[in-house]
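Listed below, chain by chain, are the residues.
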Amino acid sequence: MPKAKLPRKSTHIDMTAMCDVAFLLLTFFMLATKFKPEEPVVVKTPSSISDFPLPDENIMLLTVDAKGRIFFSIDNKLKRKALIENVNSERSLNLTDAEMNNFAIGASLGIQFNQLKSYLNLSSDKQAEIGKTASGIPVDTSVLSVNNELAQWVKSARNTNPLLRICIKADGEAAYPHIKKIISTLEGWKIFKFNLITNMRAIPEGTAAYEQKNSVAKAE
Amino acid sequence: MAEMDTSGGGGHKKGPGVKKGKKLSTRIDLTPMVDLGFLLITFFMFTTTLSKPKTMEINMPYKDEKLTEEEKNKLKASVALTVLLSKDHRVYYYEGIGDNPEVAPDLKITGFKAKDGIRDVIIKKKKMVDGLKRSGALGPKDETTVLIKPDVNSTYSDLVNMLDEMSINDVKVYAIIDISDVEKGFIQATEAASAGQ
């Protein structure tokens, strides 16, 4: 019986199309990725079941480390520039334009007002070095106190950008009185809604939140 | 697609004496390149999703200096559970709001444990309030209320854990309140008693 001759097909697959797709996706992810901004201190946040993601912009971040030192930052260079100008005029710090620009491109700040000028004159490497040993932004329970420099920062920041969402990123080991002072400062400016940055953790089984989530999932 | 026509057809004919060079395939094996591409994609995918921090939204009660004392104390003692946070992640709790200075509240100690911790206390309280609602002792608008009072020795993680318990157990009404001197005394007394044992 004569064998039916099958035409021999090449086993080579054209990878070009696949390669195109791979690199297209790669480019997308590379551009979409936002790397973490430089942080002055290492903060180990406590965990919660909350899964509300941090918004991308209009954020005021108050970082509190385990010792209770407070670092302040907002996003957006232009807003930072406007902020430092505002603070400069309100506290008459006599900062030069170069120093203010230095603030605008800088990272989190944990320096008192009286050291701010000399701090902003330094290079970014030196600033980071000082940031490690800085005393943090002074805070008090009353917003009206002159020593409550955080209150000034918060007020000026909100003047320059009223949409700011305030996020507190505090170390789990930070003592409560430090947090209390921040909260009362915010309350002093009639800010009653803010966010606490936490790690994600699973919802424990058999609890009300667990059942709620499951019933929603089933309904869908 | 991206293959090149290497057949050489259509070009001018070479003379008979000219040797033909060996035809080399211009195809390149793209498989390793694709592998690398996908590896990097995976890397970027993971880093993007992980670097997005989660937040917990918190609404503090509106504080108004003009509010009178009578308007403030509207909470019924039967729906309230007061939780005191203290050092070493200890949690003290008692039923009610502790507004009667003569009768010391029955302070109990617990922690953030998975079993017999503060969670079970809250669940029990919620059940009790539900029962009271059904029996008509409480109005339909009454909700279990947890008063969180961290003392100076507690840490931020205690506060977040406690707030987390609120969302875990679906407690809708809760508040962070300053601890009173009386309650500080309770904690000290309980600590002294447990140390003496």
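Right above here is the structure, for reference.
Presented here is an overview of the structure given in this document. What you are looking at is a predicted structure, and each value in this text was computed from that prediction instead of being measured.

1. Details of the environment of Ala114 of chain B
(1) Moving on: Take Ala114 of chain B: it is sitting in the loop between β4 (108–110) and α3 (118–135).
(2) Moving on: Distance in space between the C-alpha atoms of Ala114 of chain B and Asp170 of chain B is 17 Å, their sequence separation being 56 residues.

2. A few points about the packing of helix α6 (residues 149–160) of chain A against helix α7 (residues 176–188) of chain A
Residues and elements named next belong to chain A.
(1) Moving on: α7 packs onto α6 with a crossing angle of 45 degrees between their chain directions and a minimal axis gap of 10 Å. As judged from the angle between their axes, α6 and α7 are oblique. For the pair α6 and α7, the sense of crossing is right-handed. Contacts from Leu150, Ala151 and Val154 of α6 reach α7 at Ile182, Thr185, Leu186 and Gly188.
(2) Moving on: Considering only residue class, the contact of α6 with α7 consists of five nonpolar, two polar and no charged.

3. Some points on the interface of chain B and chain A
(1) Moving on: In this assembly, 40 residues from chain B lie in contact with 50 residues from chain A.
(2) Moving on: Looking at the side of chain B that touches chain A, the elements that each hand over two or more residues are α1 (31–50), β1 (54–59) and α4 (156–168) of chain B.
(3) Moving on: The element that contributes the greatest number of residues to the side of chain B that touches chain A is α1 of chain B, accounting for 11 residues.
(4) Moving on: Here the residues of the side of chain B that touches chain A sort into 21 nonpolar, 13 polar and six charged.
(5) Moving on: Bridge count for strand β6 (residues 193–200) of chain A against β1 of chain B is six bridges, and the pairing is antiparallel. Bridged to Ile197 of chain A within β1 of chain B is Thr55 of chain B.

4. Topic: the environment of Glu95 of chain B
(1) Moving on: Summarising the element assignment, Glu95 of chain B is placed in strand β3 (residues 91–95).
(2) Moving on: In this structure Glu95 of chain B comes out as partly exposed when scored by C-beta crowding, with 17 C-beta atoms within 10 Å.

5. Re unusual backbone geometry
Excluding glycine, residues mostly have negative phi values, and the peptide bonds linking residues are mostly trans.
All names here are of chain A.
(1) Moving on: Despite not being glycine, Asn94 has its phi angle at roughly 55 degrees, a positive value.
(2) Moving on: Among the structural elements, Asn94 can be located in the loop between α2 (77–91) and α3 (97–105).
(3) Moving on: One non-glycine residue, Lys190, adopts positive backbone phi at about 60 degrees.
(4) Moving on: Along the chain, the position of Lys190 falls in the loop between α7 and β6.
(5) Moving on: Note on Lys190: 10 C-beta atoms within 10 Å, which makes it exposed.

Calculation criteria
Residues numbered from 1 in each chain as written. Chains lettered and ligands numbered in written order. Predicted model: local features only at pLDDT ≥ 70, side-chain atom pairs only at ≥ 80, totals over all residues. Helix = DSSP H or I, 4+ residues; strand = E, 2+ residues; numbered from the N terminus. Axes fitted to C-alpha atoms, helices over the stretch in contact; angles between N-to-C directions. Parallel < 35°, antiparallel > 145°, perpendicular 65-115°, else oblique. Left-handed = near helix turned anticlockwise from the far one by under 90°. Contact = placed C-beta atoms within 7 Å. Nonpolar A, V, L, I, M, F, W, Y, C, P; charged D, E, K, R; others polar. Pairing = 2+ DSSP bridges. Buried ≥ 20, exposed ≤ 12 C-beta atoms within 10 Å, placed from the backbone.

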